Amino acid sequence: NELSYSSGDLFQSCPLSSDLVNNCLKHLTPTTLDDFHEGVNLHGSLINNLSFMADIDLYTSKEMVHEMIRTVNNASKMYGLEIREQKTKSMPSSY
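One numbering rule holds for all chains: residues counted from 1, following each sequence as written. Confidence filtering applies because this is a predicted model: local features only for residues at pLDDT of at least 70, side-chain atom pairs given and counted only at 80 or more, and all residues used for totals across whole chains, interfaces and linings. Neither water nor hydrogens contribute to the side-chain values; these are computed over all heavy atoms in the structure.

Undergrad: What's the story with the nonpolar core in this structure? I'm lost.
TA: As a rule of thumb, nonpolar side chains are buried together in soluble globular proteins. For the purposes of this section, nonpolar cores are sets of buried Ala, Val, Leu, Ile, Met, Phe, Trp, Tyr and Cys residues that join through side-chain atoms within 4.5 Å. Relative accessibility thresholds used throughout: buried, under 20% of the residue-type maximum; exposed, over 50%; partly exposed, between the two (1.4 Å probe, protein chains only). Core analysis: the biggest nonpolar cluster contains 8 residues, these being Val21, Leu25, Leu28, Leu33, Phe36, Met68, Val72 and Ala75. For this core, the elements supplying multiple residues, two or more each, are helix 1 (17-33) and helix 2 (65-78). The helix and strand labels rest on DSSP assignments: H or I over at least four residues marks a helix, E over at least two residues marks a strand, and numbering proceeds from the N terminus. With 4 residues, helix 1 is the single largest residue contributor to this core. Two residues qualify as a contact provided that any one of their heavy atoms is within 4.5 Å of a heavy atom in the partner residue. Filtering out sequence-adjacent residues up to four positions away, Phe36 remains in contact with Leu46, Asn48, Met64, Glu67, Met68 and Thr71.

Here is the structure:
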């Protein structure tokens, strides 16, 4: 059986690949981003990130974005994950 790779380097033919990444993100984002008190207020709850598969969307002010990315990057390294600069995008919003 050969393993195939997607463009994101996740094993497409491995049924555990997405579960392993999601499990890492489930532990990474809450503990890492609890100290950031910026984001989108959704029915009284502050949302500063959404994560699925190998993607993390961060919601913060322009002034805090570099600090938030640096914090996520440092925490990601503990799980063997890395931020790929060529796949990182920024989209300003006036939420």
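We are not done yet, so read on.
Undergrad: Looking at this structure, how should I read the environment of Asp57?
TA: For Asp57, the position within the fold is in strand 4 (residues 55-58). It is 9.5 Å that separates the C-alpha atoms of Asp57 and Lys89, two residues lying 32 residues apart in sequence. Apart from residues lying up to four places away in sequence, Asp57 is in contact with Asn48, Asn49 and Leu50.

Undergrad: So what exactly am I meant to see when it comes to the side chain of Asn48 here?
TA: Along the chain, the position of Asn48 falls in the loop between strand 2 (45-47) and strand 3 (49-52). Definition of a polar contact: a pair of N or O atoms within 3.5 Å, with one able to donate and the other able to accept a hydrogen when the atoms are protein atoms, and with sequence-neighbouring residues admitted only if both atoms are side-chain atoms. Of note is the side chain of Asn48, whose polar atom sits 3.1 Å from the backbone oxygen of Leu33. Within the local environment of Asn48, its side chain forms a polar contact with the backbone oxygen of Phe36, the two atoms lying 3.3 Å apart. Filtering out sequence-adjacent residues up to four positions away, Asn48 remains in contact with Leu33, Phe36, Glu38, Gly39, Asp57, Leu58, Tyr59 and Met68.

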